Amino acid sequence: TKSFTLYLDVVKICFPERQNPWNIMIKHRQVHRRGRRSQMTVSYTDPVISMDLLRTVLQPSFNEDIRAVFRKYMKFFEKAASNVKENVGGDVQPDQLIRDTCRNCLEHVKLDIYIYIYIYIYIICMQHFVRKGRPPGAVVQYDRTSQYSTAAKPKVSEPIRREGPKWDPSRLTENSTFVLGSRANKALGMGGTRGRIYIKHAELFKYAADAQDKHWLSERQHMRATGGKMAYLLIEEDILDLARSEDYKDCPELKLDELKPFLVPLWMVEKMQKAMEAQKTENELVM
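The rules behind these values
In every chain, residue numbers begin from 1 and rise along the written sequence. Owing to the predicted nature of the model, reporting of local features is limited to residues with pLDDT of at least 70; listing and counting of side-chain atom pairs is limited to 80 or more, with chain, interface and lining totals taken over all residues. Water and hydrogen atoms were dropped before computing side-chain values, which therefore reflect all heavy atoms in the structure. UniProt positions are given in the numbering used here, feature names are shortened, and annotations may be inferred rather than shown by experiment. Between any two strands, pairing holds if DSSP finds at least two bridges. Per the convention used, a helix needs a DSSP run of H or I reaching at least four residues, while a strand needs a run of E reaching at least two, with both numbered from the N terminus. For helices, the fitted line uses only the C-alpha atoms of the stretch in contact; every axis is such a line through C-alpha atoms, and the angle between N-to-C directions lies from 0 to 180 degrees. Buried means the residue's accessible area, taken with a 1.4 Å probe over protein chains only, is under 20% of the maximum for its type, while exposed means over 50%, and partly exposed covers the values in between. Here a salt bridge means any side-chain nitrogen of Lys or Arg lying within 4 Å of a carboxyl oxygen belonging to Asp or Glu.

Under the annotation held in an unreviewed UniProt entry, the protein carries the name Deoxynucleotidyltransferase terminal-interacting protein 1 and is attributed to Cyprinus carpio. Taken verbatim from the UniProt record of the protein, the Function (unreviewed entry) comment is "Increases DNTT terminal deoxynucleotidyltransferase activity (in vitro). Also acts as a transcriptional regulator, binding to the consensus sequence 5'-GNTGCATG-3' following an AT-tract. Associates with RAB20 promoter and positively regulates its transcription. Binds DNA and nucleosomes; may recruit HDAC1 complexes to nucleosomes or naked DNA." The UniProt entry for the protein carries the following comment under Subcellular location (unreviewed entry): "Nucleus".

So this is what it looks like as structure tokens:
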């Protein structure tokens, strides 16, 4: 690994243009073959090491692609921050606004990336079982980390469904109550694993609060000021439905008093309705 790192540093100095990552991988293997005898013991069969080596080779190209995306949109961020400075004045720091906005962009795209990876892995699994001649229904997932006293039931792997009454934007009104995702995670007995509810129940509607929403929520003490950190809002009714289901109703870790639901103003409800419609439409395109 040290030889590989040194080799990459030499490549960067001697050849500043972007390298073909596959050529780098071949040269890396040759370096080990020409090295001392002790280096010949490096294993190429360990799947974790193999994948991490590939990740290391591709990381510079990956980083450059991400930087290219930010360079594309940076002019919009700079113009907006400059306008805020002119209109508000005072202690407004445009650089800090731009940094926070970029950080929020990365945080908001995480969920889409997780969904993409989940669907991609599912497709690969289905292709594998089709080649092996096994029915897709044979794929099961077990929740090994479940803390329930009863035996966990196997669940058939299937794509995320975002349809039906729960995904009708009209269900969201000024009388709808919401809870923080972190509190819902704790209420359902998953407090030890941050964000697990979003992975285990990807079918739930979750709204990523923006800076305006978080300011309103923190002012009313529904949540702490989080800066650039993500904050998701879930529909209380959806969490209560989960708590009444067979998977949770007998769970000793159930703590519904942790939910602490609250109402939100109409302008935030309207943003949630648009977000729900967008997520549902995006899911339909993927499906």
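Having seen the model, we can carry on.
Enquirer: Explain the sheet that holds strand E5 (residues 232-235) to me, using residue names and the numbers behind them.
Expert: The three strands are arranged E3-E5-E4 in an open sheet whose pairing can be described as antiparallel. Every other strand in the sheet has two partners, leaving strand E3 (178-180) and strand E4 (206-208) as the edge strands with one partner each. Across the sheet, the axes of successive neighbouring strands diverge by a mean angle of 35°, strand direction being ignored.

Enquirer: Give me the lowdown on unusual backbone geometry, citing residues and values where you can.
Expert: Its identity as a non-glycine residue notwithstanding, Gln-221 has a phi of 60°, on the positive side. One can find Gln-221 in the loop between helix H7 (211-219) and E5. By relative accessible area, Gln-221 is classed as exposed at 73%. With phi around 50°, Lys-260 is a residue other than glycine that occupies positive phi space.

Enquirer: So, the pattern of salt bridges: which residues are in play, and what are the values?
Expert: Overall, the coordinates contain 15 salt bridges when judged by the stated rule. With a closest N to O distance of 2.7 Å, Glu-64 and Arg-71 form a salt bridge. With relative accessibility at 21%, the residue Glu-64 sits in the partly exposed group. Of the charged contacts in the structure, one is a salt bridge between Glu-246 and Lys-249, with a shortest N-O distance of 3.0 Å. One network of salt bridges, in which partners are shared, links Lys-166, Arg-171, Glu-237, Asp-238, Asp-241 and Arg-244.

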